[in-house]
Number of protein chains: 2
Amino acid sequence: MLHPHGLFWLHPILVCVIIAALALALLNFGNVKRIVVGKPIRSRELHGSKLKLTWWIALPVLAADLYSSVAYGPEAGITELAPLGNDVKWMIIPITASTVLLLMILITSYIMGVIAYPNGGGAYAISKDNFQRPWVSLVAASALMVDYVLTVAVSVSSGVQTMASSYPVLAGHETELSILCVIVILFVNLRGVSESSKVFAYPTFVFMGCMLFLIGAGFDDEVHHGFVQPVTPPFGTIPEGLTLMLLLKAFSSACSALTGVETISNAVPIFRDGKNGAIKAYIALGVITGITLLGFAYHLYVRGISVNPNNTMLSQLAGDYFGHGIVYQVIIISTFVVLILAANSTFTGFPQLAALVASDRFLPRALTLRGDRLGYSNGMIVLAALASLLIEVFHAQTNALIPLYAIGVFVAFTVAQLGLFKRWIRVKGSMWRTKAVINGFGAFITGLVAVVFAVTKFTSGAWIVLVILPVVIFIAMKIRQHYIEVADELRIDLKTVHPEKHRIVSVVLISGIHRLVVDTISFAMSSTPDVIALYIGFDDESIERMEQKWEAWGAPCRLVTIKSEYRSLLYPLSKFIRRLETYEGGKPDHIQLLIAQFVPKKWWHNLLHNQTSLLIRAWMLRHKDVVVSTVPYHLRK
Amino acid sequence: MLHPHGLFWLHPILVCVIIAALALALLNFGNVKRIVVGKPIRSRELHGSKLKLTWWIALPVLAADLYSSVAYGPEAGITELAPLGNDVKWMIIPITASTVLLLMILITSYIMGVIAYPNGGGAYAISKDNFQRPWVSLVAASALMVDYVLTVAVSVSSGVQTMASSYPVLAGHETELSILCVIVILFVNLRGVSESSKVFAYPTFVFMGCMLFLIGAGFDDEVHHGFVQPVTPPFGTIPEGLTLMLLLKAFSSACSALTGVETISNAVPIFRDGKNGAIKAYIALGVITGITLLGFAYHLYVRGISVNPNNTMLSQLAGDYFGHGIVYQVIIISTFVVLILAANSTFTGFPQLAALVASDRFLPRALTLRGDRLGYSNGMIVLAALASLLIEVFHAQTNALIPLYAIGVFVAFTVAQLGLFKRWIRVKGSMWRTKAVINGFGAFITGLVAVVFAVTKFTSGAWIVLVILPVVIFIAMKIRQHYIEVADELRIDLKTVHPEKHRIVSVVLISGIHRLVVDTISFAMSSTPDVIALYIGFDDESIERMEQKWEAWGAPCRLVTIKSEYRSLLYPLSKFIRRLETYEGGKPDHIQLLIAQFVPKKWWHNLLHNQTSLLIRAWMLRHKDVVVSTVPYHLRK
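Residues numbered from 1 in each chain as written. Chains lettered and ligands numbered in written order. Predicted model: local features only at pLDDT ≥ 70, side-chain atom pairs only at ≥ 80, totals over all residues.

What about the overall build of chain A?
Note the threshold: Runs of E in the DSSP output that reach at least two residues are strands. Runs of H or I that reach at least four are helices, and both are numbered from the N terminus. Counting other C-beta atoms within 10 Å of its own, a residue is labelled buried from 20 upward, exposed at 12 or fewer, and partly exposed in the gap between, with every C-beta atom placed from the backbone. Any pair of residues counts as being in contact when their C-beta atoms, constructed from backbone geometry, are within 7 Å of one another.
The helix and strand tally for chain A stands at 22 helices and five strands. Counting over 637 residues, chain A shows a buried share of 48%. When contacts within chain A are restricted to residue pairs at least 6 apart in sequence, those whose partners lie at least 24 apart make up 81%.

A closer look at the pairing of strand β2 (residues 530-537) of chain A
Residues and elements named next belong to chain A. Quick note on the threshold: What makes two strands pair is DSSP finding at least two bridges between them. Place the viewer so that the strands point away; then a crossover is right-handed whenever the path from the first strand over the helix to the second strand goes clockwise.
Direction of pairing for strand β1 (residues 504-510) relative to β2: parallel, over a ladder of six bridges. When the bridges of β2 are listed, Val507 appears paired with Ile532. Regarding the hand of the β-α-β motif, the stretch spanning β1, helix α19 (residues 515-527) and β2 is right-handed. At this point the chain moves from β2, through helix α20 (residues 540-552), to the parallel strand β3 (residues 558-563), and the crossover so formed is right-handed.

Section: the sheet that holds strand β4 (residues 590-599) of chain B
As a reminder, the rule being used: The axes are straight lines fitted to the C-alpha atoms, using for helices just the contacting stretch, and the angles between their N-to-C directions are given from 0 to 180°.
Taking strand neighbours across the sheet as the criterion, the ten strands line up as β3(A)-β2(A)-β1(A)-β4(A)-β5(A)-β5(B)-β4(B)-β1(B)-β2(B)-β3(B) in an open arrangement whose pairing is mixed. Each edge of the sheet is formed by a strand with only one pairing partner; in this case those strands are β3 of chain A together with β3 (558-563) of chain B. Here the strands of the sheet are splayed against their neighbours by 25° on average, with no regard to which way each runs. Across nine bridges, strand β4 (residues 590-599) of chain A lies against strand β5 (residues 626-634) of chain A in parallel orientation. By the bridge assignment, Ile595(A) is partnered in β5(A) with Thr630(A). Sitting on the sheet, helix α22 (residues 612-623) of chain B touches β4 and β5 of chain A together with β4 and β5 (626-634) of chain B, and the angle it makes with β5(B) is about 160°.

With respect to the interface of chain B and chain A
Stated formally: Three classes are used, and their members are as follows: Ala, Val, Leu, Ile, Met, Phe, Trp, Tyr, Cys and Pro are nonpolar, Asp, Glu, Lys and Arg are charged, and the others, Gly among them, are polar.
With 78 residues of chain B in contact, the opposing surface of chain A contributes 78 residues. Elements with a contribution of two residues or more to the side of chain B that touches chain A: α1 (12-28), α18 (458-490), α19 (515-527), β4, α22 and β5 of chain B. For the side of chain B that touches chain A, the element with the most residues is α19(B), which contributes nine residues. Classifying every residue of the side of chain B that touches chain A by side-chain character gives 39 nonpolar, 22 polar and 17 charged. Pairing between β5(A) and β5(B): three bridges, direction antiparallel. Residue Val628(A) lies in a different strand from β5(B), and its bridge partner there is Thr630(B).

Thoughts on α19(A)
All names here are of chain A. Rules: Expected helix span is computed as 1.5 Å times (number of residues minus one).
Taking 1.5 Å of rise per residue, 13 residues should cover 18 Å, and α19 covers 19 Å from first to last C-alpha, within 8% of that figure. Most of α19 sits out of view: ten of its 13 residues are buried. Buried within α19 are the following residues: Leu516, Val517, Asp519, Thr520, Ile521, Ser522, Phe523, Ala524, Ser526 and Ser527.

Some words on the packing of helix α14 (residues 326-359) of chain B against helix α15 (residues 377-393) of chain B
All names here are of chain B. Rules: Angular relationships are summarised with four words: roughly parallel below 35 degrees, roughly antiparallel beyond 145, roughly perpendicular across 65 to 115, and oblique for the angles in between. Left-handed describes a crossing whose near helix is turned anticlockwise from the far helix through less than a right angle; right-handed describes the clockwise counterpart.
One way to put it is that α14 packs onto α15 with a least axis distance of 8 Å and a crossing angle of 120°. Classified by the angle between their axes, α14 and α15 sit oblique to one another. For α14 against α15, the interelement crossing comes out right-handed. Together, Thr346, Phe347, Phe350, Pro351, Ala354 and Ala355 of α14 and Gly379, Met380 and Leu383 of α15 make up the contact between the two elements. Considered class by class, the residues forming the contact of α14 with α15 number seven nonpolar, two polar and no charged.

Focus on the domain arrangement of chain A
A common way to express how large an interface is: the accessible area buried when the components associate. Our working definition: Throughout, the edges of the domains are those of an automatic or database domain assignment.
Taken domain by domain, chain A comprises domain 1 (12-42 + 53-483) and domain 2 (504-634). One C-alpha centre belongs to domain 1 of chain A, the other to domain 2 of chain A, and the line joining them spans 58 Å.

A look at the relation of the copies chain B and chain A
Applicable threshold: In this comparison the copies share one frame, found by least squares on the C-alpha atoms of residues holding pLDDT of at least 70 in both.
For these two chains of identical sequence, chain B goes onto chain A by a turn of 180° and a shift of 0.1 Å along the axis, with RMSD 0.1 Å. Taken together, the turn and the small shift mark the pair as related by a two-fold rotation axis. Ranked by how close their C-alpha atoms come to the rotation axis, the residues of chain B are headed by Ser629(B), at 2.0 Å. Most of the interface of chain B is mirrored in chain A, where 100% of its interface residues again form contacts.

Description of the environment of Gly537(A)
All names here are of chain A. Within the element layout of this structure, Gly537 appears in strand β2. According to the C-beta neighbour criterion, Gly537 is partly exposed, with 18 such atoms within 10 Å. Note: C-alpha distance between Gly537 and Thr561 (24 residues apart in sequence) is 7.3 Å.

Comments concerning the nonpolar core
Let me state the cut-off plainly: To define a nonpolar core, we join buried Ala, Val, Leu, Ile, Met, Phe, Trp, Tyr and Cys residues through C-beta atoms within 7 Å and take the resulting set.
Ranked by size, the top nonpolar core spans 160 residues in total, and within it Val149(B) and Leu383(B) carry the most contacts. Broken down by element, this core gets its largest block of residues, 18 residues, from helix α7 (residues 134-166) of chain B. Residues within four places of Val149(B) in sequence aside, it is in contact with Leu383(B), Leu386(B), Ala387(B) and Leu390(B). If you look at the next biggest cluster of nonpolar residues, it comprises 159 residues, including Ala140(A), Tyr148(A), Phe207(A) and Ile264(A).

What follows is the structure, encoded as structure tokens:
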């Protein structure tokens, strides 16, 4: 695939570096940012008129993540069994059915969540509220964050694969196209797209319509040509080589269709009629998704569709019924759009979660900052970079990503259900026993699925998640510890600690006598009485010449010259500062190092001036307790 | 070839970035540098005891570049004709013979150069000395620099290919291995290897011995089995499809064997008996190279060796005579070592030339700085990075690089010869007419070869060089212009311009009241009477809280608060500074911006603290005439 050796082929790490650099550059500087990201928005607009939606509009807006998975869930399941041949094809029906059963359990459990947290509460908020120990909620948070990254990677790759199945001209470029999509989604989100925008309802409606139409067309076909057709594989035979392990593997892969169930419970506030609307939406979503999954899987069986890595089953089935005409095109394109929307919704979820966790000091503080357009830009950039990295490493092969994917979801599900279970027992309230049983059972089932995942998919990648989660949690704990220590260290008693005047010695590093030096020494003399000009020469002649010139100039302040036998500025300078620091008669309280710096008009001129000052500054700040002052000189040409 | 999609496969640009970053990091910081590069050497050791060599030791030391080319020159020539079939094989003899003729002309011309510049003078020095206009010498310099880069790429790739021909386990990894070699050579050179080190004589001696032994073995074989053998292709037939263009192309490819002739003339001072030694070395080198080229080409013809991209002709011939035993191994390994030495010698030539050109202000000044070990480290790093880039782009395919290669050499040859020609006419001296005729003829021939190259190889890559040369020259002229302008701008009259005391206003950016703020305000108050603490808040509450806290603290200086509706620090700060700059009643002469900066103990802690201060510093220095002072705070934990 692709032209791996071409000059313009990009390496994964490079891609991420470029995305990050580009995004950061855009966010910090320049006019380009205004064009791409748009004008900044005032903070107070954040709490402004947030559009509330009726439940049947909110449903498609929030459902993209879950409902889009129907396009790849059943296929992911049967792919595991495909090597067993034609006899195994019927098993797509029981596997999908058990997925639907699990979906029902999840939805019921999540409705309990909506009842408990009508202001919206993700797994992290729920577990933080119900578990004392921070690591439990961190399990949920890190599982969800890993999962969000995977959602972007899986949804986008799957969307692009769907397109490539139908438009062969795209085939072989899946990786680049997927990364391109991620970049576009990133920039759309940096501009700021409200999660509750109605616009997102339409593609999901169209896609739902298409899927239901496809299922209807299937039944019509079967009414005319029989429910058992020549291509229909035998039903009910136990294929040779089928093991329980394989079956569980197929089941867990198919469960990837269930990711995204949590979105509605996170977004209760956007419903016009609050939690009732959310519950209605959950029920409707469950019904539609169930029908779609079962109907789709059934027709796949009747038409005996095989797994083909170059043509998704959805594309094959649609082609079977409608040829490759307009209906087919609409199905494929709406699938693509909905999968992209699923990735897009993650660009709201991940940064919000990261900001929440960061505000609890478990992640770098930079994640809590809102960008120009009020979104958590840093979180978005991190998400896009990680997802692009995954896409590159796995070459946009969705199936390779799925084992990594679903385990995180189910771990987070389990923690949230357990939290709710604890809550009912603690808070009680009406029918608390029923609710506790529901969530307890939910926790048991999702926990079981998580274990099944971990076991069956261990060797094919699940171990990565099982390694990553503890590592992420460990790092998060370390981060919090650091923040707390720093805060303790910085805290002062306002009554006793006050700024005081000190004695400062200024050292001006000079390379000759010219306009920059005049400016810098002027500044130093204006700010402190003790100014030392320091000249570091590489040979005796240049030092002697400097001393003579200094005399001729009238010696405006004390000049110290040092010969650097090793042609280094850093070591003699550092030695000189050590001498000042330990100077017996009148050790200064502060040492200020003044460095002149060229600021050229054109950026490439920077290459022409030694960047020694930057180096000295970085080294000094890191290793010495000196104040480094940079006196800029703006070149006129 | 390779595993282009593996996670660990490196992209060319990435490779260069990594090399550069690594080398720069090594050169600037840390203890690793001490281990890899070694202890710094004092400047005075530069002019210390430079070893002088007798001509027959200097010969192999300086000959690696030229003599190593015999391993690929004839092959490069006949490769161009290979598609014409078996009938064309005899042409390797006339083509090689004309190459040898050209070599003789070059050596004669260069001996004139040695006579004219007994202190050593490369093409750049010669043309600078004899042409008024700087662009002429820049043509020579840029052609040579392009050529040095290509020498590294071609020699290393060719060496690795030779090894891979014989040790198939290496095949398929040529690109990585070549880059690895470049990196090793770079670090060896950063440690500092004297060009005149005797050690380099031995591998070249061994290789010369091997080549002569191979030729002897060939004659022995022919004495026993006939000078026309069953495998010998017909002689003298004009193969179908042979055009003048094709012939010239083959000739110019074969001329790639002639690169490196200039090394002796650049290094006259290392000969114990000066220019006489150099002349002796030149003559001996010409004789040995001529014999080797002709003998090697003749046996290739007799044994009817074909071009095989996976097995060099040298390896085939050696295998033919000696099987794959010990003799074969010695030949192959010594070929490899000598080709690596050829690349290695360039790591002295390129940085010296770049430093020379940079000291004439045509290149960034950083190229004139000597590193810890007295070598021009920056030049070495640039060379290694560019050569690695070329190797990656061309996937270590020597033949693909050759069209780019030889044109630069011959352009530089021509300019140098023309310079010598002008010199004889100007300076005269004994036998000046003969010398002028020799160099005039040399210039004519090398110029002709350059034109033949440019025409025959235009489409296969020579155009790149023809585009690069003018671009490099243009940039060089621009660089010089910039340096001259800056020097003019910075020059001051020592009698009239002196430093003066000014009024400074200090602005301390604060984010709260804690230990860092105490330190920073203390420093500001100690250095200037006018201190303003500036607090930029994102909402009214935080600003009010700050103001109250400030009062409670006893308001050590004036506090200004600004509300940033767009959550940006940069814009309100920049606006505030503009207000100070244009403040009617008492505009300050200097504005000092003080920023506190965390210095964590562990590097990764940097990720946990907003790097806003770096951003503000960069932006302010670039856009405003303010002095930015960073007050470090070293975290204890």
